[in-house]
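Chain by chain, the residues run as shown.
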Amino acid sequence: MKLLRLLLCILVCGASAASHALIDDVAWEATRIVRVDGRELVTRVNHTLLKERISAVLGGIEVTVILRSDRNILWQLMPILNLAGETDISAMDTPGNIKVLSRERLGEEQVAGQPVVKYRARFETRSGKRQDGYFWQNAAGVHVRSLFPVVDNNGTLREVELELRDLKVGPQAAALFEVPESFRRVPLDGSALLQGLLGM
């Protein structure tokens with residue numbers, strides 16, 4: 001159970017990670033690799049502005065979360081039970097509640113064989129802290145790689161890296177970002193999850 005909780009924390013970290021650079025307003029789907037403290041998690045992501053659907057296999061169990069930064073809600077889908085756990089994420093740094101203060105073009109590079117432009121972005125978190133992050137943007141405007149610091153609950157500085165693979169740019173079905181009608185919504189106590197997000 002501890003491992004599953006840890007992996008879920010990494011999954012949610014990946015869900016909110018785009019907030020640490022400029023908001024990626026291009027619609028796409030891809031495999032996203034999330035790296036935190038030497039741990040790596042492979043996720044499948046559908047993305048559109050302020051909305052993401054993220055799926056991964058955690059401890060042999062398929063887990064899907066829907067992040068709605070536009071509504072400060074996160075749903076964890078539980079298909080076996082026809083349930084959707086719902087939690088308020090207004091306490092998290094999401095694309096909906098951070099400020100991007102500046103961005104600086106650093107030059108051209110390659111990520112996974114494709115030409116990209118590397119940027120440094122300075123942003124202000126929900127708590128008012130200012131931090132710098134880096135992102136690599138392709139010609140379509142997608143951040144195919146991101147690297148940024150996160151300070152955990154113990155004050156330890158950690159680094160989170162995201163990388164996209166098998167990227168397909170294009171519109172995403174609206175239904176991907178909603179709870180299926182047949183699912184019953186139940187409150188999900190997200191406090192422990194959010195408290196342990198990077199203070200695992």
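Here the structure is shown first, and the text comes after it.
(A) Representation of the nonpolar core. Counting residues in hydrophobic clusters, the biggest one holds 21 residues, and the most contacted among them are Trp-28, Trp-136, Val-142 and Val-144. Elements supplying a minimum of two residues to this core: strand E1 (28-36), strand E2 (39-48), strand E3 (51-58), strand E4 (61-68) and strand E10 (143-151). Beyond its immediate sequence surroundings of up to four residues, Trp-28 is in contact with Val-45, Asn-46, His-47, Glu-52, Val-142, Leu-164, Leu-167, Lys-168, Val-169, Gly-170 and Gln-172. Core analysis: the second largest hydrophobic core is formed by eight residues, Leu-77, Ala-84, Phe-177 and Phe-183 among them.

(B) Structural detail: the packing of aromatic side chains. Under the criterion given, the structure shown has one aromatic pair. Seen in terms of ring centroids, Tyr-119 and Phe-135 are 5.0 Å apart; in terms of plane orientation they differ by 15°. Their pairing is stacked. Remark: Phe-135 occurs in strand E9 (residues 130-137) and Tyr-119 occurs in strand E8 (residues 114-124); sequence separation between them is 16 residues. Each member of the pair, Tyr-119 as well as Phe-135, carries the same accessibility label: buried. Looking at Arg-103, its charged tip hangs above the ring of Tyr-119, at a distance of 4.5 Å from the centre. It is Arg-145 that lies over the ring of Trp-136; its NZ or CZ is 4.2 Å from the centre.

(C) Up close: the environment of Asn-72. Residue position: Asn-72 is located in the loop between E4 and strand E5 (73-78). In this structure, the C-alpha to C-alpha distance between Asn-72 and Met-92, residues 20 residues apart in sequence, is 8.7 Å.

(D) Structural context of the side chain of Glu-161. Along the chain, the position of Glu-161 falls in strand E11 (residues 157-169). By relative accessible area, Glu-161 is classed as buried at 16%. A distance of 3.0 Å separates polar atoms of two side chains, one belonging to Glu-161 and the other to Arg-145. If we skip the residues at most four places from it in the chain, Glu-161 touches Ile-33, Val-34, Arg-35, Arg-145, Ser-146 and Leu-147.

(E) Representation of the pattern of salt bridges within the structure. Taken as a whole and judged by the stated rule, the model has 14 salt bridges. Across the pair Arg-35 and Glu-161 runs a salt bridge whose closest N-O atoms are separated by 3.4 Å. Of this pair, Arg-35 sits in strand E1 while Glu-161 sits in strand E11, and the two are 126 residues apart along the sequence. Across this residue pair, the class does not change: Arg-35 and Glu-161 are buried. The partner of Arg-68 in a salt bridge is Asp-70, with the nearest N and O atoms 2.8 Å apart. Overall, the relative accessible area of 4% leaves Arg-68 in the buried class. In this structure Asp-70 comes out as partly exposed when scored by relative accessible area, which is 37%. Three or more residues joined by partner-sharing salt bridges are found here, namely Arg-35, Glu-40, Arg-145, Glu-161, Glu-163 and Arg-165.

(F) Summary view of the environment of Val-45. Counting through the fold element by element, Val-45 comes out in strand E2. Its relative accessible area of 0% is what places Val-45 among the buried residues. Placed 20 residues apart in sequence, Val-45 and Val-65 show a C-alpha to C-alpha distance of 9.8 Å.

About the thresholds
- Residues numbered from 1 in each chain as written.
- Predicted model: local features only at pLDDT ≥ 70, side-chain atom pairs only at ≥ 80, totals over all residues.
- Heavy atoms only, no water.
- Core = buried A, V, L, I, M, F, W, Y, C linked by side-chain atoms within 4.5 Å.
- Buried < 20%, exposed > 50% of the residue type's maximum accessible area, 1.4 Å probe, protein only.
- Helix = DSSP H or I, 4+ residues; strand = E, 2+ residues; numbered from the N terminus.
- Contact = heavy atoms within 4.5 Å.
- Phe/Tyr/Trp six-rings, centres within 6.5 Å; stacked < 30°, edge-to-face > 60°.
- Lys NZ or Arg CZ within 6 Å of the ring centre and 35° of its normal.
- Polar contact = N/O pair within 3.5 Å; in protein donor to acceptor, adjacent residues only side chain to side chain.
- Salt bridge = Lys/Arg side-chain N within 4 Å of Asp/Glu carboxyl O.

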